[in-house]
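Residue-level structure breakdown
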Amino acid sequence: MISIENSLKQETIEKIKREGIPVIIFGAGIVGEALFHICCNVGIKVEGFCDNNINKTKSSMFNLEVIHTLHLKRKYKDAIFLISAADIIDVVDQLHVLGYSKWYAVNLLLKDFDVSQYPFSAPTGFVEFAVGTCLLCHDGYLNPDKLFLRSVDIIITERCSLKCKDCSNLMQYYQKPINCTYQELMQAIDGFCALIDEVNEFRVIGGEPFMNKEIHLIIKRLIDEPKVRKIVIYTNGTIVPKEVQIEYLKSSKVLIFITDYGVLSRKLNLLTQILQQNYISFYARKAQGWTDCAKIMRHDRNIEQQKKIFENCCAKNTFTLSKGKLYICPFSANADRLQAVPGFENDYIDLFQSPRGAMDIYEMKKKIRTFLLEKDFLETCDYCNGRSFYAPEITPAIQTENPLEYEQCYLNSR
Ligand code: SF4
Ligand code: SF4
């Protein structure tokens, strides 16, 4: 018997083929690779890829051109877009502005795709994870009553074993960095999970998350949480987890993402060896794509300029939990933690702002959805350089000996 999903999938495939106009995969990443394989299997001819990231347009994929989004119209008057990006809402807006109306969420195409049958440019575990993220986000986009989130970062420490002067999470400014307490973190996770329907990726970040010796207790809470699909720990390859911590990292929900800072990642080899020995999923990638986005400085931009900075910012969907508040990006979370900006009340949602009964949860969900999906700029953006897709890259991980100074005059207005 053919399921409704399968017949819808078949209808979608036939519809795409019937259009007779170029088919472009939006997003030249891992999910883009998966979509390409699927299209080949079902007889959809892919004309090329497009991406907002200029670096990805410097090489081809499967011998097809990766065109920069801004150049699309020059080449394709009309086209069908298969969206492989998880942030589908932004892509749909972008295509609309460019004058394209034919696009597809790809959850039906990706469902039941067996990644182990195809070659990819990343390990199978990571491909499964990326495909799962995309599926959940596209499902969420098509089910607006649910609060599905692609990812949320949780800051578990301000401490880091490196001190990168251009750290986009602003760790270089903490004079006396501290770990977040276990109680504070549990309360934040409980409060957050009570409000959402599902989050694909809980990203455990710092600083360096292994600086917090209680990391395994936080991981355990997230492993036990059915609303959390995957837990990704972002580490810099300088610390090897202790035995008690390793036990929890073995969970199939956990993925370790190691940024390889070359000689600075002094424990990288030992770390990967231990992870391999314990069958712990990990993915190591060279530090790349850094831009000059870590200065805290007031710019006095007008509203239109603020909106532009926000629109072009690749960090505007890196939702971040800090001190029981939900922020749009780590910059705004840490700028607030550092008290480097006035306390902008519209730039976060306080998860514990009022007693919550059944009605309140519904209202809070609505409020979170509106905050995360409909905001068109933050007041904090005026203190930030932004993280534009088009900004030139800088050398990653240059170290500073001492914490950097930042303007503290804003403290007066808090
Ligand atoms: S390793 Fe560098 S970039 Fe990463 S959190 Fe630490 S200071 Fe920031
Ligand atoms: S421009 Fe705004 S959204 Fe982007 S990182 Fe800066 S504060 Fe966050």
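This text follows the structure it describes.
Basis of the calculations
Residues numbered from 1 in each chain as written. Chains lettered and ligands numbered in written order. Predicted model: local features only at pLDDT ≥ 70, side-chain atom pairs only at ≥ 80, totals over all residues. Helix = DSSP H or I, 4+ residues; strand = E, 2+ residues; numbered from the N terminus. Rg over C-alpha atoms; globule rule 2.2 N^0.38 Å. Buried ≥ 20, exposed ≤ 12 C-beta atoms within 10 Å, placed from the backbone. Contact = placed C-beta atoms within 7 Å. Near = placed C-beta within 6 Å. Nonpolar A, V, L, I, M, F, W, Y, C, P; charged D, E, K, R; others polar. Pairing = 2+ DSSP bridges. Axes fitted to C-alpha atoms, helices over the stretch in contact; angles between N-to-C directions. Expected span 1.5 Å × (residues − 1). Right-handed = clockwise from strand over helix to strand, strands pointing away.

Below, the discussion takes up the overall build of the chain. Assigned secondary structure in the chain consists of 13 helices and 13 strands. Relative to the 2.2 N^0.38 estimate, which gives 22 Å for 414 residues, the radius of gyration of the chain is 22 Å and therefore close to what a compact globule would have. Once the C-alpha set of the chain is aligned to its principal axes, its extents read approximately 60 × 55 × 50 Å. Scored against the burial criterion, the 414 residues of the chain give a buried share of 39%. Counted over contacts in the chain with a minimum sequence separation of 6, partners at least 24 positions apart contribute 75%.

Let's shift gears to the site of ligand 1. Close to ligand 1 lie C160, L162, K163, C164, C167, N169, M171, G206, G207, E208, N236 and A397, which account for all nearby residues. Looking at the shell around ligand 1 residue by residue, the class counts come to 6 nonpolar, 4 polar and 2 charged.

Another aspect to go through is the site of ligand 2. Not every one of the 15 residues close to ligand 2 is listed here, only the nearest: C313, C329, F331, C381 and C384. Considering only residue class, the shell around ligand 2 consists of 10 nonpolar, 3 polar and 2 charged.

Read from one edge of the open sheet, 8 strands run β10-β9-β8-β7-β6-β11-β12-β13, paired in mixed fashion. Unpaired on one side and paired on the other, β10 (282–286) and β13 (348–350) mark the two borders of the sheet. Strand-to-strand twist across the sheet, computed as the mean angle between neighbouring axes with direction ignored, equals 25 degrees. Judged from the 3 bridges that link them, strand β12 (residues 325–327) and β13 form a sheet pairing that is antiparallel. Among the inter-strand pairings, Y327 is bridged to a residue of β13, identified as Y348. Docked against the sheet, helix α6 (residues 124–142) engages β6 (148–155), β7 (198–205), β8 (228–235), β9 (254–260) and β10, running at close to 120 degrees with respect to β6. Together, β7, β8 and β9 form the strand contacts of helix α8 (residues 215–224), whose direction differs from that of β8 by roughly 155 degrees.

A few words now on helix α2 (residues 30–42). Along its 13 residues, α2 runs 19 Å from first to last C-alpha, staying within 8% of the 18 Å computed at 1.5 Å per residue. For α2, the full list of buried residues reads I30, V31, G32, E33, A34, L35, F36 and I38. Among the structural elements, β1 (23–26), β2 (46–51), β4 (80–83), α5 (107–110) and α6 are those in contact with the buried residues of α2. Following α2 by one or two positions, G43 adopts a phi angle in the positive range, close to 80 degrees.

With that settled, consider the environment of N53. Relative to the helices and strands, N53 is located in the loop between β2 and β3 (66–68). Measuring from C-alpha to C-alpha, the distance between N53 and G289 comes to 9.4 Å, with 236 residues separating the pair along the chain.

So, on to the pairing of β6. Counting buried positions along β6 gives 7 out of 8 residues, so the element sits mostly inside the fold. In the sheet, β6 pairs with β7 via 7 bridges, with the strands oriented parallel. Among the inter-strand pairings, L149 is bridged to a residue of β7, identified as V199. The β-α-β motif built from β6, the intervening helix α7 (residues 182–195) and the parallel element β7 has right-handed crossover chirality. Examined bridge by bridge, β6 and strand β11 (residues 320–322) share 2 bridges and lie parallel to one another. Residue pairing for β11: D153 is matched across the bridge by T320.

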